[in-house]
Amino acid sequence: GHIDIKWSNPEWYLLAKCNSNIIGCIGILTRTVVVGNIMIDVAGLSGVIVVKEWRGKGILNLMMDEIFNFVNTTLKLDFGLLLCRNEVISIYEKYK
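Report on the accompanying structure.

About the cut-offs
Residues numbered from 1 in each chain as written. Predicted model: local features only at pLDDT ≥ 70, side-chain atom pairs only at ≥ 80, totals over all residues. Heavy atoms only, no water. Helix = DSSP H or I, 4+ residues; strand = E, 2+ residues; numbered from the N terminus. Buried < 20%, exposed > 50% of the residue type's maximum accessible area, 1.4 Å probe, protein only. Contact = heavy atoms within 4.5 Å. Areas by Shrake-Rupley, 256 points an atom, 1.4 Å probe, with all protein chains shown as cover. Lys, Arg positive; Asp, Glu negative; His and termini not counted. Charge placed at Lys NZ, Arg CZ, Asp CG, Glu CD. Core = buried A, V, L, I, M, F, W, Y, C linked by side-chain atoms within 4.5 Å. Patch = residues over 30% accessible without salt bridge, like charges linked within 9 Å, V, L, I, M, F, W, Y side chains within 5 Å. Salt bridge = Lys/Arg side-chain N within 4 Å of Asp/Glu carboxyl O. Phe/Tyr/Trp six-rings, centres within 6.5 Å; stacked < 30°, edge-to-face > 60°. Lys NZ or Arg CZ within 6 Å of the ring centre and 35° of its normal.

1. Focus on the overall build of the protein chain
Then step 1. Within the protein chain, the secondary structure is distributed over two helices and four strands.
Then step 2. Starting at the N terminus, the α and β elements of the protein chain follow one another as β-β-β-α-β-α.
Then step 3. Counting over 96 residues, the protein chain shows a buried share of 28%.
Then step 4. Excluding contacts between residues fewer than 6 apart, the proportion of contacts in the protein chain whose partners are at least 24 apart in sequence is 45%.
Then step 5. Working note: accessible area of the protein chain is about 7300 Å², and carbon and sulfur atoms make up 55% of it.
Then step 6. With 10 positive and 9 negative side-chain charges, the protein chain shows a spacing of 6 Å between the two charge centroids.

Structure, rendered in structure tokens:
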């Protein structure tokens, strides 16, 4: 059946642009997760999208590089969390 899930709104957005057109977007939010008995602050990635005509051109790679830089240097976090549908897992696996 259908599960109605309400996702949190991102605190920041990374936008990829070509000229003045937005061609990609990733939302970023922070959360604390519990692993065993340890609380860990993580950056959550949300609403990852690249405009169809720009897919396969390295835009997602550039965006993920910027996200890693932002998460590590600005947010000072060591971990990220991305939840996605099973059919797109292979797209994101290389960013472990």
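Now that the structure is up, let's keep going.
2. Some remarks on the nonpolar core
Then step 1. By size, the foremost hydrophobic cluster in this structure holds 20 residues, and its most contacted members are Ile-26, Ile-28, Leu-60, Met-63, Ile-67 and Leu-75.
Then step 2. Breaking this core down by element, the ones donating at least two residues are strand 1 (12-18), strand 2 (21-35), strand 3 (38-50) and helix 1 (59-74).
Then step 3. In terms of residue count, helix 1 provides more of this core than any other element does, seven residues in total.

3. Quick notes on a nonpolar patch on the surface
Then step 1. Taken together, Ile-3, Ile-5, Trp-7, Leu-81 and Leu-83 make up a surface patch of nonpolar side chains, about 570 Å² in accessible area.
Then step 2. Among the residues examined, Trp-7 registers a relative accessible area of 53% and is labelled exposed.

4. Notes on the packing of aromatic side chains
Between two aromatic rings, the relevant description is the distance of the centres plus the angle of the planes.
Then step 1. The tally for this structure, following the rule as stated, stands at one aromatic pair.
Then step 2. Between Trp-12 and Phe-70 the ring centres are 5.4 Å apart and the planes differ by 70°, which places this aromatic pair in the edge-to-face class. With Trp-12 in strand 1 and Phe-70 in helix 1, this residue pair connects regions lying 58 residues apart in the sequence.
Then step 3. One residue, Lys-57, lies across the ring of Trp-54, its end atom 5.7 Å from the ring centre.

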